[in-house]
Each structure stands twice: as structure tokens, then as C-alpha cells.
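Examining the three-dimensional arrangement
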Amino acid sequence: MPPTPVPLFHTFTSSNPLIYFHNDLNPNKHHKNPNGAFGLSLCLTPVNGQTQRRRRRGLRVVASSSSSNVADAPFWDGWKPDSKAPSLSDILWPSAGAFAAMAVLGRMDQILAPKGLSMTIAPFGAVCAVLFATPYSPGARKYNMFTAQIGCAAIGVLAFSIFGPGWLARSIGLAASIAFMIYTRAVHPPAASLPLLFIDGAKLHRLNYWYALFPGTVGCILLCLVQEVVCYLKDNFKF
């Protein structure tokens, strides 16, 4: 005998944010996420406290929002580490990837030294952390990374050209870079440091708008190749 069909979705309003699946719903009770937080935050697009519905992989997710708290999790939860401890392989492979990436960049520095160029810049440390430690985060997406790297570097050159060195160029360059990343939906945190690096780095000024491609974008191509190896090792050689 086939199981009793479950209603596609039920809706109700509440003073707290809610999220639930239709197949777990009892229409006579109010259910909230047992973890006290949004399990599928990408499904939520609250507008003026109205209930929103979005389909994800054939399931209906129903969410209700309020203008007060985003989640009812305790304040101190944000100060605690993740409950799941990383395995040894989750620590070793990203660290080894960062070592290999910096070693290759260092070797390229030696080759480019006679021309007065360098491939190794400080933002690459943050890029390695994003790509190797959190490869599935939004900041590690290729679109986000390359769009932000090119755009923010060009903004840094433009800010320096207009305002010269100093706090005003740094402030406007950083603010414009963050606005650019948000507008293009390409938030990649390490790229926000590129305008500051150019404005304060005299040896980079001669690159002018080539700075949008070198060393940031070119270096990220190399880091993406290393990331593929790191992800393969993490997925296939666990210990």
C-alpha cells in the first residue's frame, strides 16, 4: 500500500526565522530548524518578513523571516571551533599544497629577478588558504577569484593614477574594490588587498595596468592547478 501523500508545503509566520522540509512537517505544530540556524541559507530570500519558497533538488523549502534576529543561536557559538575535528589528511594535503605553490612561485622569482619582477606577493598567502583549506567556499570559485583579481587590481591602478600615493587613494581603492566584488557577485577576500599593495608598492608602479594581469592573475592560474592536485589527494588519499 503506497504511503500517505504528504502536503507539498505548509506555511505560517512567526517572530523567529524558520526553515523546514515539507516531509518533516506536522501542519498542527510549529517546527524550526533543530540546529537553531539556517541549514540552507542559499534558499532564503526574505523580503519584508514575507514567506519565500524556493525549489532545491526537488524539495520544497519554506522559510519565514523577521526583521529582528537572523538566527536564535547563542551568541558564544560564533566563538567556538567547529565540532568536527579535521583528519590528518585534511591538514596535510592543503599544507603540502601551500608549500608546493610557494616553492614554484619562489623558483619563478629567481628566473624573473634579472628583469626586476617578482611573482610572489602577500595576497597569495590568503589565496592559498582559501583555495586549499576551503576549496568549496564561494571565495574559491574560479569566477569569483579571477573577476576579483583583475577588477580589484585595475581599481588600485586607477586610484593611484587619480589620487597618487596616500591614505585617500588607499581608502577609495579599497572601498571601490569591495563595491565591485559585491556588484559583480565575485567576492574573493584576498583580492581586496591588491589596490593597497599597488598603491604602497613602488616597484609595482611601472607595471601600470599590466598589474591587472601580473602577478595576481597569472599567479592564480598556477594556484588553481595546485588546487586540483590538492583536492584530488584529499578525496582519494584519506588517513
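Residues numbered from 1 in each chain as written. Predicted model: local features only at pLDDT ≥ 70, side-chain atom pairs only at ≥ 80, totals over all residues. Heavy atoms only, no water.

**Concerning the nonpolar core**
Ranked by internal contacts, the top residues of the largest apolar core, which has 38 residues, are Phe124, Val127, Leu131, Phe132, Tyr211 and Leu223. Put simply, the parts of the chain that give this core at least two residues each are α1 (88–112), α2 (123–133), α3 (142–163), α4 (167–183), α5 (194–200) and α6 (216–236). It is α3 that provides the largest number of residues to this core, a total of seven residues. Excluding its chain neighbours within four sequence positions, the residues that come into contact with Tyr211 are Ala153, Val157, Leu194, Leu197, Phe198 and Leu204. (Core = buried A, V, L, I, M, F, W, Y, C linked by side-chain atoms within 4.5 Å. Buried < 20%, exposed > 50% of the residue type's maximum accessible area, 1.4 Å probe, protein only. Helix = DSSP H or I, 4+ residues; strand = E, 2+ residues; numbered from the N terminus. Contact = heavy atoms within 4.5 Å.)

**Some remarks on α1**
Along an α-helix, a turn takes 3.6 residues, which lines up residues three or four apart on a common side. Under the 1.5 Å per step criterion, the end-to-end length of α1 is 36 Å for 25 residues, consistent within 8% with the ideal 36 Å. Where the residues of α1 are buried, they touch α2 and α6. (Expected span 1.5 Å × (residues − 1).)

**Regarding the environment of Phe132**
In this structure, Phe132 sits in helix α2. Taking C-alpha positions, Phe132 is 6.8 Å from Val230, a pair spaced 98 residues apart along the chain. Look past the residues within four positions of Phe132 in its chain and what remains in contact with it is Pro94, Gly97, Ala98, Ala101, Leu223, Val226, Gln227, Val230 and Lys234.

**Let's talk about the packing of aromatic side chains**
For the coordinates displayed, the defined rule picks out five aromatic pairs. Judged by centre distance (6.3 Å) and plane angle (65°), the ring pair of Tyr232 and Phe237 falls under edge-to-face. For Phe237, a relative accessible area of 42% gives the class partly exposed. (Phe/Tyr/Trp six-rings, centres within 6.5 Å; stacked < 30°, edge-to-face > 60°.)

**Details of the side chain of Asp109**
Its location among the elements puts Asp109 in helix α1. No salt bridge is formed by the buried Asp109; the nearest opposite charge belongs to Lys203, separated by 7.9 Å. Within polar-contact distance, the side chain of Asp109 engages the backbone nitrogen of Met119 at 2.4 Å. Those residues in contact with Asp109 that sit more than four places away from it in its chain are Leu117, Ser118, Met119 and Thr120. (Lys, Arg positive; Asp, Glu negative; His and termini not counted. Salt bridge = Lys/Arg side-chain N within 4 Å of Asp/Glu carboxyl O. Polar contact = N/O pair within 3.5 Å; in protein donor to acceptor, adjacent residues only side chain to side chain.)

**Observations regarding the packing of α1 against α2**
At a closest axis distance of 9 Å, the pairing of α1 and α2 adopts a crossing angle of 145°. Where α1 crosses over α2, the handedness of that crossing is right-handed. Each of Pro94, Gly97, Ala98, Ala101, Met102 and Leu105 in α1 lies in contact with α2, whose residues at this interface are Phe124, Cys128, Phe132 and Ala133. Taken together, the residues of the contact of α1 with α2 sort by class into nine nonpolar, one polar and no charged. (Axes fitted to C-alpha atoms, helices over the stretch in contact; angles between N-to-C directions. Left-handed = near helix turned anticlockwise from the far one by under 90°. Nonpolar A, V, L, I, M, F, W, Y, C, P; charged D, E, K, R; others polar.)

**Overview of α6**
The terminal C-alpha atoms of α6 lie 30 Å apart, and with 21 residues this matches the ideal 30 Å at 1.5 Å per residue to within 8%. Buried within α6 we find Gly216, Thr217, Gly219, Cys220, Leu222, Leu223, Cys224, Val226, Gln227, Val230, Cys231 and Lys234. In this fold, the buried residues of α6 make contact with α1, α2 and α3.

**Focus on the UniProt feature "transmembrane region" (unreviewed entry) in the protein chain**
Feature annotation in UniProt assigns "transmembrane region" (unreviewed entry) to the following positions: residues 120–137, 143–164 and 208–233. Along residues 120–137 the backbone is 61% helical and 0% strand, and the end-to-end C-alpha distance reaches 24 Å. A helix fraction of 95% and a strand fraction of 0% characterise residues 143–164, whose end C-alpha atoms lie 30 Å from each other. (UniProt positions renumbered as here; feature names shortened; annotations may be inferred.)

**Remarks on the environment of Ala179**
Residue position: Ala179 is located in helix α4. Between the C-alpha atom of Ala179 and that of Cys152, which follows or precedes it by 27 residues, the distance is 9.9 Å.

**Thoughts on unusual backbone geometry**
A cis geometry characterises the amide bond from Phe214 onward to Pro215, with omega recorded as 5°. Mapped onto the secondary structure, Pro215 falls in the loop between α5 and α6. A positive phi angle is found at Arg185, which is not glycine, with a value near 55°. Secondary-structure assignment places Arg185 in the loop between α4 and α5.

**Section: the pattern of salt bridges**
Tallied over the entire structure, the rule returns two salt bridges. Of the charged contacts in the structure, one is a salt bridge between Asp77 and Lys80, with a shortest N-O distance of 3.6 Å. Residue class for Lys80 comes out exposed when judged on its relative accessible area of 54%. The partner of Asp200 in a salt bridge is Arg170, with the nearest N and O atoms 3.0 Å apart. With a gap of 30 residues between them, Asp200 in helix α5 and Arg170 in helix α4 connect regions that are remote in the sequence.

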